[in-house]
Amino acid sequence: MTDLQIGSRFLTEGMYFTIAHIQETPRGNVALLICEDAGCPYITVRDLSRRSGMSGYDWAWGHYFRVFEDAVRDYLARKADLEG
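Since we're looking at a predicted model, the values are computed, not measured.

**What to know about the nonpolar core**
Line of reasoning, step 1. Formed by 13 residues in total, the largest nonpolar core has its most connected members in Phe10, Phe17, Ile19, Leu33, Val45, Leu48 and Trp59.
Line of reasoning, step 2. Contributing elements (two or more residues each) for this core: strand 2 (15–25), strand 3 (28–35) and strand 4 (42–46).
Line of reasoning, step 3. The contact partners of Trp59, leaving out residues within four places of it in the chain, are Phe10, Phe17, Leu33, Val45, Arg46, Asp47, Leu48 and Tyr64.
Line of reasoning, step 4. One finds Val30, Leu32, Phe65 and Leu82 within the second-largest nonpolar core, a separate group that totals nine residues.

**With respect to the sheet that holds strand 2**
Line of reasoning, step 1. Reading across from one edge, 1-2-3-4-7 is the order of the five strands in this open sheet, with antiparallel pairing throughout. Since the sheet does not close on itself, it has two edges, and those belong to strand 1 (9–12) and strand 7 (61–65), each with one partner. For this sheet, the mean angle separating the axes of adjacent strands, direction not counted, is 30 degrees.
Line of reasoning, step 2. Inspection of the sheet shows strand 2 paired to strand 3 by eight bridges, in the antiparallel sense. Bridge pairing in strand 3 places Phe17 opposite Cys35.
Line of reasoning, step 3. Against the sheet, helix 1 (residues 68–83) touches strand 2, strand 3, strand 4 and strand 7, its axis set at about 170 degrees to strand 3.

**Focus: the side chain of Thr25**
Line of reasoning, step 1. Among the secondary structure elements, Thr25 is positioned in strand 2.
Line of reasoning, step 2. Under the relative-accessibility criterion, Thr25 is labelled buried at 11%.
Line of reasoning, step 3. A polar contact of 2.7 Å, which involves the side chain of Thr25, links it to the backbone oxygen of Gly28.
Line of reasoning, step 4. The contacts of Thr25, once residues within four sequence positions are left out, are Leu82 and Glu83.

**Thoughts on the side chain of Arg51**
Line of reasoning, step 1. Here Arg51 lies in the loop between strand 5 (49–50) and strand 6 (57–58).
Line of reasoning, step 2. Assessed through its relative accessible area of 15%, Arg51 is described here as buried.
Line of reasoning, step 3. At 2.8 Å, the side chain of Arg51 forms a polar contact with the side chain of Glu13.
Line of reasoning, step 4. In terms of polar contacts, Arg51 uses its side chain to reach the backbone carbonyl oxygen of Tyr57, at 3.4 Å.
Line of reasoning, step 5. In contact with Arg51, other than residues within four places in its own chain, are Thr12, Glu13, Gly56, Tyr57 and Asp58.

Cut-off values and rules
- Residues numbered from 1 in each chain as written.
- Predicted model: local features only at pLDDT ≥ 70, side-chain atom pairs only at ≥ 80, totals over all residues.
- Heavy atoms only, no water.
- Core = buried A, V, L, I, M, F, W, Y, C linked by side-chain atoms within 4.5 Å.
- Buried < 20%, exposed > 50% of the residue type's maximum accessible area, 1.4 Å probe, protein only.
- Helix = DSSP H or I, 4+ residues; strand = E, 2+ residues; numbered from the N terminus.
- Contact = heavy atoms within 4.5 Å.
- Pairing = 2+ DSSP bridges.
- Axes fitted to C-alpha atoms, helices over the stretch in contact; angles between N-to-C directions.
- Polar contact = N/O pair within 3.5 Å; in protein donor to acceptor, adjacent residues only side chain to side chain.

Limitation: the analysis is restricted to geometry and does not speak to function.
Here's what the structure looks like:
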């Protein structure tokens, strides 16, 4: 995922996302995304990657939050789990 960094913005499924945090680990990556115009705008995702043969990006799973601080706590816990 070397092409995406903190502050990168991308379009997937008609929605814009901005990367607030991203961490690569030997076991994959974890990222905290901000989705514009969403009821739960903060999403922690695992294995963010460019879609093969398609436009946009995809991820293995996501957890959705309304409060940024809750999303940061989840991101940090998932990051620690991948690094541990």
